[in-house]
Amino acid sequence: MENYGWKQESSGGQAEEAKKRVLREYFGYDAFRPGQEKIIDSILAGRDVLAVMPTGAGKSLCYQLPALLMPGITVVVSPLISLMMDQVKALNEAGIHAAYINSSLTENQITKALALAKEGRYKIIYVAPERLETPRFLDFARYAELSMITVDEAHCISQWGQDFRPSYVRILSFIRNLPVRPVVSAFTATATERVREDIRSSLELERPCELVSGFDRENLYFEVKHVKDKKEQIRNYMEAHREDSGIIYCATRKGVDELYLYLENLGFSVGRYHAGMGTEARRQGQEEFIYDRTKVMIATNAFGMGIDKSNVRYVLHFNMPQSMENYYQEAGRAGRDGAPAECILYYSPQDTVINRYLLESKESYREYTAEELRIIQSRDMERLRKMEGYCTTTKCLRGYILNYFGEQAGENCGNCSNCLEEFEEMDVSEAAADVVRCIRASGQRFGMNLIAGTLLGENTARIRSCGMDQNPSYGKQSGLGQVRVKEVIRTMMERGYLMQTADKYPVLRLTERSQELLEQTEPFLLRYKKEEEQSVRRKKAARMEELTEKGQELFEELRRLRAKLAGERSIPPYMVASDKTLRDMCIRIPLTAEEMLKVNGMGARKLEQYGSQLLEKIREVTGGKTDGYAAAGPEETVPLTEKKKKGKKEEFHLTEEILSRIQFIPETTISDFVSRINDLRDEERMKRLTIKWLTEHLLEEGCLEKKYQDGYTRNILTEKGKKAGIRAEERISAKGYPYEIFLYSEKGQKHLVEILKQG
């Protein structure tokens, strides 16, 4: 490998030229991804670095590229053997000399590797954190020229991280024992501010350049399915995606084994991976998947860290994970090539029970004192509740994820099931009020299940023993059903009308806003998915969406050639070329070496290794003609976000047809009026009119007015509203509580129509 002889005093032009040259020649890219260049420049300037970048954002390149330009060796601390082996194989394949040192090697192999490292053979060495503590490696490190220590999966250093490893805490001791402190860089895919703080202090980072790049992965589609027969759902999904590579995560080893046997008996190409299998069986299963000999891997969360497989088109979760950190890291293994991919979680309430049991029986808990255990379990249970919130929210799923990691998000991403499904709205004001009354009457001592059971009028031993069958709200919502009652409670928590304690078994508590629901100053609306699946269902992001039929045929021919070339070199197919690279070939139709170099992901090294065979195949299939393979040219491809918007329903607007069919009645509520209007629209093409939209416009024009009275905010009818045909009427609830509703006369209804005409 050429030595670029990087020096910190290199001129700006030389530095830029060296970076771009390495980027193109060894990694096959013309430009950096967002955030990469800032990190690389900081490292080359001698600064410590802390980078939080989502899976697939290109973290590895951020330390691999500067490692090639710096004069000495870069030591990369990595938690898993599989991760090291995969990274080193990819580097060597790209023409970069790298090695790993871990327990998979014999003592003789370790001795030889360290000897070659001392001679300057390797630019990058991957090691397990435990290896740093051995006298042999410490001796090597003291006498070698180390330019950088890179800590990969750095969240493992924090007890607030989802994969805390005590051996990571001792990395600092190794750094302190070096005669000259090198640059220290830390990388992770998921870290909250608390975890980032731990990383900074535990590694004693000096004036670090920090980058928390956007967590959003626009190419990933997110969906939560509430289903009973998960196996059947997954079978149907895999039937429709037989040619795609995917991962299915299960919570337990038993779950992995059962799903594996079920799908294998149906003839699917599946493998399995969990900690209960032997080392050789795990290695072989992983290799079969990486080399595309097995299409789908079924695994526990023991699988995946270090699997840099770019063409995973979907990640399914058979069970809900224990935390958002775990979920986003696992889901993020889909679509690493930047092409559309799907992340679907199959949820049932039983998942919470399973995960609670797994958390309570964690072996690592035995290492802590009683007080430490209380704090850690409380933290883990809070994470589990946040994960359950993701599975039950009706808001944007992408937004929920981004907000969890401290990033602001819009209300509608256009690429998740909640944003693409149509929801019904139900006024559950009385049910919400009953929840408040039930909790208040019980002394705020119980959790969601008992409160819901009380409202439903369940006759269980638990309810009787707690005296909840004597609660004034007992059975008041028996007609609503268990699913809806729990949705009401979750929505109340989401909007700040209730809270849950952080205890091991959380208790529902009232908040300052709870009283508002008893006053019923405005409807409490519950969003829920339509019973009939007549939603604006996103057209599945087809893996060939920018290719014509001819283009897809070429793509399959190139995939077959890629498998053949990979087999000859005993490497995974994606190391020859990713799906994204093959797709770009099908769009550009390169016929010369110069044109091939313009393909995304094709560097000089890969051109030298595979260019002639790939070009020959393209010429053979196309006959040298470039037209008719892509729906759009490489510069004209429609952005993913725009594609997703096609097929979305238009916003509600008052058409002449709707207007001609409106019938006015003597008096009605706004809820009934909106319902009748929605029945007149074409629901296949148009979104629903909402009470919220109309109420906001009534407030804007002064027919209603918000006022703060007696400790809460309510809508008040104004004189202008009365003149518009609206009147307020006080009513008494079944429990004797007064509340006020607004009634719209025929004049009032016509006023609402005028608002709709104005849009």
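So, a few notes on the structure that sits alongside this text. Note that the structure is a prediction, hence the values are computed from the model and not measured.

Topic: the sheet that holds strand E5 (residues 146-151)
Strands sit in the order E3-E4-E2-E5-E6-E1-E7 across an open sheet of seven strands; the sheet is parallel. If you trace the sheet from one side to the other, it starts and ends with strand E3 (98-101) and strand E7 (209-212), each paired once. Within this sheet the neighbouring strands show an average axis-to-axis angle of 15 degrees, counted without direction. Summarising the sheet, strand E1 (residues 49-52) and strand E6 (residues 183-188) pair through four bridges and their orientation is parallel. If you follow valine 49 over to E6, its bridge partner there is serine 185. On the sheet, helix H3 (residues 59-69) packs against strand E2 (73-77), strand E4 (124-127), E5 and E6 and is oriented at approximately 135 degrees with respect to E4. Here helix H4 (residues 81-93) sits on the sheet and contacts E3 and E4; the angle it forms with E3, its principal contact strand, is near 165 degrees.

Thoughts on the pairing of strand E8 (residues 220-226)
Of all the seven residues making up E8, five are buried; the element is thus mostly covered by neighbouring parts of the structure. The pairing of E8 with strand E13 (residues 341-347) spans seven bridges and is parallel. Paired with tyrosine 221 across the bridge in E13 is glutamate 342.

Overview of the pattern of salt bridges
Evaluated as defined, the whole model comprises 48 salt bridges. Note that glutamate 206 and arginine 181 form a salt bridge whose closest N and O atoms lie 3.5 Å from each other. Placement of glutamate 206 in the loop between helix H9 (193-202) and E7 and of arginine 181 in the loop between helix H8 (171-176) and E6 is noted, with a sequence separation of 25 residues between them. With a closest N to O distance of 4.0 Å, lysine 395 and glutamate 494 form a salt bridge. With lysine 395 in the loop between helix H15 (370-392) and helix H16 (397-404) and glutamate 494 in helix H21 (residues 482-494), the pair connects residues that are 99 residues apart, well separated along the chain. Through salt bridges with shared partners, one network takes in Arg313, Asp337, Glu556, Arg559, Arg562 and Asp579.

Looking at the nonpolar core
Judged by nonpolar contacts, the single largest core of 76 residues is most densely connected at Phe137, Phe174, Phe222, Leu345 and Tyr390. Those residues within four positions of phenylalanine 137 in sequence are excluded, and the remaining contacts are Val75, Ile101, Leu114, Val127, Arg131, Leu132 and Phe174.

Here we look at the packing of aromatic side chains
Here the distance between the centres and the angle between the planes together describe a pair of aromatic rings. For the structure shown, the criterion picks out twelve aromatic pairs. Look at phenylalanine 289 and phenylalanine 303: their rings are 5.9 Å apart centre to centre, the planes differ by 70 degrees, and that puts the pair in the edge-to-face class. Residue phenylalanine 289 is located in helix H12 (residues 279-290), and its partner phenylalanine 303 is located in the loop between strand E11 (296-299) and strand E12 (312-317); the two are separated by 14 residues in the primary sequence. Note on accessibility: phenylalanine 289 and phenylalanine 303 belong to one class, buried. Taking the centre distance of 5.1 Å and the plane angle of 90 degrees together, the rings of tyrosine 404 and phenylalanine 405 count as edge-to-face. Of the aromatic side chains, those joined through ring pairs into one cluster are Phe222, Tyr328, Tyr404 and Phe405. Over the ring of tyrosine 497 we find arginine 513; its NZ or CZ atom is 4.2 Å from the centre of that ring. The aromatic ring of tyrosine 629 is capped on one face by lysine 550, whose charged end is 4.5 Å from the ring centroid.

Observations regarding the packing of helix H2 (residues 36-44) against H3
Where H2 contacts H3, the two axes come as close as 9 Å, and the packing angle between them is 40 degrees. For the element pair H2 and H3, the recorded crossing hand is right-handed. Contacts between H2 and H3 involve Gln36, Ile39, Ile40, Ile43 and Leu44 on the former and, on the latter, Leu61, Cys62, Leu65, Pro66 and Leu69. Class assignment of the residues belonging to the contact of H2 with H3 gives a composition of nine nonpolar, one polar and no charged.

A look at the sheet that holds strand E9 (residues 245-249)
Taken together, six strands build an open sheet; the order of strands is E8-E13-E12-E9-E11-E10 and the sheet is parallel. Each end of this open sheet is capped by a strand with a single partner; those strands are E8 and strand E10 (270-273). Looking at each pair of strands side by side, their axes are set apart by 15 degrees on average, direction ignored. The pairing of E9 with E11 spans four bridges and is parallel.

Parameters at a glance
Residues numbered from 1 in each chain as written. Predicted model: local features only at pLDDT ≥ 70, side-chain atom pairs only at ≥ 80, totals over all residues. Heavy atoms only, no water. Pairing = 2+ DSSP bridges. Helix = DSSP H or I, 4+ residues; strand = E, 2+ residues; numbered from the N terminus. Axes fitted to C-alpha atoms, helices over the stretch in contact; angles between N-to-C directions. Contact = heavy atoms within 4.5 Å. Buried < 20%, exposed > 50% of the residue type's maximum accessible area, 1.4 Å probe, protein only. Salt bridge = Lys/Arg side-chain N within 4 Å of Asp/Glu carboxyl O. Core = buried A, V, L, I, M, F, W, Y, C linked by side-chain atoms within 4.5 Å. Phe/Tyr/Trp six-rings, centres within 6.5 Å; stacked < 30°, edge-to-face > 60°. Lys NZ or Arg CZ within 6 Å of the ring centre and 35° of its normal. Left-handed = near helix turned anticlockwise from the far one by under 90°. Nonpolar A, V, L, I, M, F, W, Y, C, P; charged D, E, K, R; others polar.

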